[in-house]
Amino acid sequence: MKLDLTSKKALVTGSTAGIGFAIAQGLDAAGAEVFINGRSQERVDAAIAQLKKSNPASKARGVAADCGNAKGVALLQSKIPSLDILVNNVGIFEPKPFFEIPDEDWMRFFEVNVMSGVRLSRHYTPGMVKAQWGRVIFISSESAVQIPSEMIHYGTTKTAQLAIARGLAETVGASGVTVNSVLVGPTKSEGVGTFVNDLARQGGVSQEQVEKDFFKTMRPSSLVQRFLSPEEVANMVVFLCSKEASATTGSALRVDGGVTRGIL
Ligand SMILES: NC(=O)c1ccc[n+]([C@@H]2O[C@H](COP(=O)([O-])OP(=O)(O)OC[C@H]3O[C@@H](n4cnc5c(N)ncnc54)[C@H](OP(=O)(O)O)[C@@H]3O)[C@@H](O)[C@H]2O)c1
């Protein structure tokens, strides 16, 4: 199957690094005009340069804006009038015991992980419906269905994304616009890579050992017993963005290495 996204305009939030960057790279390689997003112009420019290096035909552009508040999202919207593909990827996580999570953290997690996607979907989806074609994707997590007790606020925002995606899919119905969420498992993105590196240095062990121990103690249900690569996640997302995925809507799809137990 050759996926062709030529003439499609796509925004991937939080795409200067990690899973977002891999998704942007996949869409870019399929011919889409991709907008990179991150908080600083410097990181946005560096990501675009990296894309152009791997794909000389790249049409990538960028908008530096903080998706964690209404002002930043409004800036994005003012720079990009319409979209065919919206990937709500931006997301933050931080382990913290429930009894120590103040209101401010709850609100910050909701602003970045939930409201960024709500605001952007509310703005861009009507245009897609009018054009009778569009793709909206929410990058959620296995933590949406297996709430991590070490970061309940994060898990809660990831569950909320599933609800929004399903509700929006029902709202747009048979319009030609599909809306889906992707439940991602532990992935070696920039943030996780740094975390593993730090643990290895502190413990005087190899990164491979840290990874092995993490899966043995923290994620024993993982069938692959390793971190996924951002590209493995991106492959599913690029497919969902394609014309070929026209029958998949209102779904919560897993790219989690089998960590989520249960058949459905
Ligand atoms: N990695 C995992 O194991 C894993 C597992 C399940 C689900 N997920 C989900 O996958 C998504 C991506 O995670 P990741 O691990 O790839 O993240 P990451 O490596 O930490 O990458 C963060 C990206 O988000 C951008 N970003 C952060 N805050 C932003 C903000 N307020 N506004 C705009 N951009 C912002 C960063 O850009 P700048 O620094 O340039 O601003 C960077 O491009 C998240 O929704 C996460 O919940 C990840």
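A brief look at the structure comes next. (Residues numbered from 1 in each chain as written. Predicted model: local features only at pLDDT ≥ 70, side-chain atom pairs only at ≥ 80, totals over all residues. Heavy atoms only, no water.)

1. Thoughts on the nonpolar core
Taken as a class, soluble globular proteins show a tendency for nonpolar side chains to be buried jointly. Ile23, Leu27, Val87, Ile139, Val182, Val237 and Cys241 are the most contacted members of the largest nonpolar core, which has 33 residues in total. Elements that contribute at least two residues to this core include exactly strand 1 (9-12), helix 1 (18-29), strand 2 (33-38), helix 2 (41-54), strand 4 (85-88), strand 5 (134-141), strand 6 (177-184) and helix 8 (230-241). If sequence neighbours within four positions are ignored, Ile23 has contacts with Val12, Val87, Asn89, Ile139, Ala234, Val237 and Val238. Residues Leu83, Leu86, Met128 and Val179 belong to the second largest nonpolar core, which totals 23 residues. (Core = buried A, V, L, I, M, F, W, Y, C linked by side-chain atoms within 4.5 Å. Buried < 20%, exposed > 50% of the residue type's maximum accessible area, 1.4 Å probe, protein only. Helix = DSSP H or I, 4+ residues; strand = E, 2+ residues; numbered from the N terminus. Contact = heavy atoms within 4.5 Å.)

2. Details of the layout of surface pockets
Considering only enclosed or pocket space, the largest pocket measures out at about 1400 Å³ in volume. Counting residues per element, the ones that place at least two in the lining of the largest pocket are helix 1, strand 2, strand 5, helix 5 (152-172), helix 6 (190-203) and helix 7 (207-217). The element best represented in the lining of the largest pocket is helix 6, accounting for 6 residues. Tallied by class, the residues present in the lining of the largest pocket amount to 23 nonpolar, 18 polar and 9 charged. (1 Å grid on protein atoms, 1.4 Å probe; cavity = no way out; pocket = protein on both sides within 12 Å on 5 of 7 lines; lining within 4 Å. Points joined across faces, edges and corners; volume = space filled by probe spheres on them. Nonpolar A, V, L, I, M, F, W, Y, C, P; charged D, E, K, R; others polar.)

3. Some words on the site of the ligand
Near the ligand lie 30 residues; those nearest to it are Thr16, Arg39, Asn89, Tyr154 and Ser189. Interatomic distance of 2.9 Å between a backbone N/O atom of Cys67 and a nitrogen atom of the ligand. Residue Asn89 places a main-chain N or O atom 2.7 Å away from an oxygen atom belonging to the ligand. When the free accessible area of the ligand is taken as 900 Å², the share hidden by the protein chains comes to 90%. When atoms are counted within 2 Å of each cavity's grid points, the one that captures over half of the ligand is the largest pocket. (Near = heavy atom within 4 Å. Polar contact = N/O pair within 3.5 Å; in protein donor to acceptor, adjacent residues only side chain to side chain. Areas by Shrake-Rupley, 256 points an atom, 1.4 Å probe, with all protein chains shown as cover. Sits in = over half its atoms within 2 Å of the grid points.)

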